[in-house]
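Structure assessment
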2 protein chains.
Amino acid sequence: MVSERAIGVFDSGVGGLTVLKELSRQLPAEELIYLGDTARVPYGTKSATTVARYAQEAAQFLTALGVKALVVACNTASAVALPVLEERFRVPVFGVIKPGAARAVQLARGLRVGVIGTEGTIKSSAYTRAIHDLDPRIQVRTAACPLFVPLAEEGWSEHPIAGQVAREYLGDLAAEQIDALVLGCTHYPLLKKILGDFFGSSVALVDSAEETAATVARALAEAGLLRRSPPGPHRFFVTDVPERFERVGGTFWGEPLVGVKQVEIG
Amino acid sequence: MVSERAIGVFDSGVGGLTVLKELSRQLPAEELIYLGDTARVPYGTKSATTVARYAQEAAQFLTALGVKALVVACNTASAVALPVLEERFRVPVFGVIKPGAARAVQLARGLRVGVIGTEGTIKSSAYTRAIHDLDPRIQVRTAACPLFVPLAEEGWSEHPIAGQVAREYLGDLAAEQIDALVLGCTHYPLLKKILGDFFGSSVALVDSAEETAATVARALAEAGLLRRSPPGPHRFFVTDVPERFERVGGTFWGEPLVGVKQVEIG
């Protein structure tokens, strides 16, 4: 039965664990398999061609394990690889960009939305396009925040220095009277407190991880693909030695990561 | 004539350009070939086995171009791959660790040396071992500074935030009465001003890039391998699209990088 299969989730590293966490919260009866391509992290600074190749190799690994759906829990890969994954693999494929964009459009009463992400995601204009596909009147303001990822991985998401970096990156965006801010990088949910303090309550923060999990939950329900039997434990794979992933990833996943296996892909 | 061949230099990304710059300053008559393995950057968070494989592939690429010497302008690769490169390739191989360690030993009058670097370099204890090989009495104090690399690549090396990050990472080290501090990462020469301000004039900063270039210059002179004919232009190769390397690398190299070519290795 297809419904009893696991959901496959991949990212370049630990960031996608924020998406996995939301999936496990919103779909507690599902079995999840996570692949972090830690031998080739980060994707954000690499070319579209390279990232599309890596994404196909990750998807190949997960589909070979028989997953019923693929979640691309990485903004960079979602921006450049969704079409090729949808064409090449026979399971439903979900990215993190459309769900975040859709939620931002719902919230944009004054028709102004901010998007923050890595350099690669911002340069790809993927969120701007996804938002304009839904409502071309919306003005999109963007800002790349390259230091947020290393800050989150250092465990400094709520450190005063993260607040100062936010002020440095986001001063212009804060002056733009945005209604909603899309956290366009899977690491950024860890910075929610600092971003909320900086922007104040008039700006709604859109967490792509939450929206993506909700989209997957809805789609599986509609397709009759929700799991019925009790799930086994989630499984975690990485492409480099697991030690750093286990340590840093624990912060993202919210509890210790154990039994992470190293695999070769590509 | 072997002496007329170029010197091959590689790193995972832009950091090794600080070593290239010192080579070009101390050996202005030499032709230099640089390879930045930008499709697989960073090495610092990857396993020793993975990094050793990448280093061999980089060395293979450069020796195929006929270089007369190899400079491993990357602390992580120098820490884990020098023996295998020396065994496998027939040209002299230079790393960045021994030269920095040797200079620190010269400067360590009070027998206390500090070493800062990426998580990978610090965990490898490569500097501590190299220093103790020369003088086992020296006490080595280390600190990993993971955010220094992204700060340097963001162009924030002299930004007040870099100063605060330095205070956060290095408070304990500053209390240790060290005589010399080894900048054990090729990115760190860009942070010299902030580190000098923080530690004051009683701590000598050891720039591994300078020491490595001096070591290469001495070794080539002793072996009669200094170039005699006028050099052609330096050549730059990367393994991912050159755009980001050209932009960020310009800060490290000190002038615009042009004509960077993308190649496949490994």
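As annotated in an unreviewed UniProt entry, chain A carries the name Glutamate racemase and is attributed to Geoalkalibacter halelectricus. The UniProt entry for chain A carries the following text under Function (unreviewed entry): "Provides the (R)-glutamate required for cell wall biosynthesis." Of the comments in the UniProt record for chain A, the one headed Pathway (unreviewed entry) reads "Cell wall biogenesis; peptidoglycan biosynthesis."

1. Concerning the packing of helix α8 (residues 160-174) of chain A against helix α9 (residues 192-199) of chain A
Residues and elements named next belong to chain A. Relative orientation of the contacting elements α8 and α9 amounts to 45°, with a least axis distance of 10 Å. Taken together, the axes of α8 and α9 lie oblique to each other. Crossing of α8 against α9: the hand is right-handed. For the pair α8 and α9, the contacting residues are A162, G163, A166, R167, L170, G171, L173 and A174 in the first and I194, L195, F198 and F199 in the second. Grouping the constituent residues of the contact of α8 with α9 by class yields nine nonpolar, two polar and one charged.

2. Things to note about the interface of chain B and chain A
Contacts between chain B and chain A engage 29 residues on the former and 29 residues on the latter. Between chain B and chain A lies a buried interface of about 2400 Å² when both sides are counted; carbon and sulfur atoms form 53% of it. Note that K123 of chain B and E243 of chain A form a salt bridge whose closest N and O atoms lie 3.2 Å from each other. Connecting chain B to chain A are 21 residue pairs in polar contact (both at pLDDT 80 or more). Looking at the side of chain B that touches chain A, the elements with two or more residues in it are α2 (48-64), α5 (119-124), α7 (148-153), α8 (160-174) and α11 (242-253) of chain B. Looking at the side of chain B that touches chain A element by element, the count peaks at five residues for α8 of chain B. In the side of chain B that touches chain A, the residues fall into 13 nonpolar, six polar and ten charged.

3. Here we look at the UniProt feature "active site" (unreviewed entry) in chain A
Residue and element names in this part refer to chain A. The feature "active site" (unreviewed entry), as given by UniProt, occupies C74 and C185 in the numbering adopted here. The greatest C-alpha distance among the annotated residues, which extend across 112 residues, is 7.3 Å, indicating that they converge on a single site. Mapped onto the fold, C74 is located in the loop between β3 (69-72) and α3 (75-88). When neighbours within four sequence positions are excluded, C74 is seen to be in contact with F10, D11, Y43, V96 and T186. Here C185 shows up in the loop between β7 (180-183) and α9. You can call C185 buried: its relative accessible area is 7%. Excluding its chain neighbours within four sequence positions, the residues that come into contact with C185 are N75, I116, G117, T118 and V149.

4. Quick look at the relation of the copies chain B and chain A
The operation relating chain B to chain A is a screw motion whose rotation component is 180°, with 0.0 Å of axial translation and a residual RMSD of 0.0 Å. This pairing of chains is accounted for by a two-fold axis. Within chain B, R40 of chain B has its C-alpha nearest the rotation axis, a separation of 2.7 Å.

5. Notes on the sheet that holds β3 of chain A
Residue and element names in this part refer to chain A. An order of β4-β3-β1-β2-β9-β10 is seen for the six strands of this open sheet, with the pairing classed as parallel. Edge positions in the open sheet fall to β4 (93-94) and β10 (261-262), since each of these has one partner strand only. Across four bridges, strand β2 (residues 32-36) lies against strand β9 (residues 235-238) in parallel orientation. Considered in β9, the bridge of I33 is made with R235. Here helix α2 (residues 48-64) sits on the sheet in contact with β1 (7-11), β2, β3 and β9, set at roughly 155° to β1.

6. Things to note about the UniProt feature "binding site: substrate" (unreviewed entry) in chain A
All names here are of chain A. As annotated by UniProt and renumbered to match this structure, "binding site: substrate" (unreviewed entry) occupies D11, S12, Y43, G44, N75, T76, T186 and H187. These annotated residues cover 177 residues of sequence, but their C-alpha atoms sit close together, with the largest distance between any two at 13.1 Å. The residue S12 is located in the loop between β1 and α1 (17-26) in this model. Owing to a relative accessible area of 8%, S12 belongs among the buried residues under this scheme. In this structure S12 touches G36, D37, T38, V41 and Y43, once residues within four positions along its chain are discounted. Among the polar contacts listed, one links the side chain of S12 to the side chain of D11, at a separation of 3.4 Å. In this fold, G44 is placed in the loop between β2 and α2.

Rules used throughout
Note that residues are indexed from 1 along each chain, following the sequence as it is written. Think of it this way: whatever chain is written first is A, whatever ligand is written first is 1, and the rest follow in order. Predicted model: local features are reported for residues with pLDDT of at least 70 only, side-chain atom pairs are reported and counted for 80 or more only, and whole-chain, interface and lining totals are derived from all residues. Only hydrogens and water are set aside when side-chain values are computed; all heavy atoms of the structure are taken into account. UniProt positions are given in the numbering used here, feature names are shortened, and annotations may be inferred rather than shown by experiment. Inter-axis angles, ranging from 0 to 180 degrees, are taken between N-to-C directions of lines fitted to C-alpha atoms, where helices are fitted over the stretch in contact. Strands are runs of DSSP state E lasting at least two residues, helices are runs of H or I lasting at least four, and both sets are numbered from the N terminus onward. Oblique is the label for any angle not covered by the other classes, which are roughly parallel (under 35 degrees), roughly antiparallel (over 145) and roughly perpendicular (65 to 115). Two helices that cross are described as forming a left-handed crossing if the nearer one is turned anticlockwise from the farther one by less than a right angle, and a right-handed crossing if clockwise. Residue contacts follow a heavy-atom distance rule, with two residues in contact if any of their heavy atoms lie within 4.5 Å. Each residue is assigned to one class: nonpolar for Ala, Val, Leu, Ile, Met, Phe, Trp, Tyr, Cys and Pro, charged for Asp, Glu, Lys and Arg, and polar for all the others, Gly among them. Summed over both partners, the accessible surface that disappears when two parts come together, traced with a 1.4 Å probe, is what is meant by buried area. Any carboxyl oxygen of Asp or Glu that lies within 4 Å of a side-chain nitrogen of Lys or Arg is treated as forming a salt bridge with it. Polar contacts, as counted here, are pairs of nitrogen or oxygen atoms within 3.5 Å of one another; within protein the pair requires one atom able to donate a hydrogen and one able to accept it, and residues that are adjacent in sequence qualify only if both atoms are side-chain atoms. Remark: exposure states derive from per-residue accessible area (1.4 Å probe, protein chains only) relative to the maximum for the residue type, with buried under 20%, exposed over 50%, and partly exposed in between. The least-squares superposition of copies is restricted to C-alpha atoms, and to residues with a pLDDT of at least 70 in both copies. Strand pairing is assigned whenever DSSP identifies at least 2 bridges connecting the two strands.

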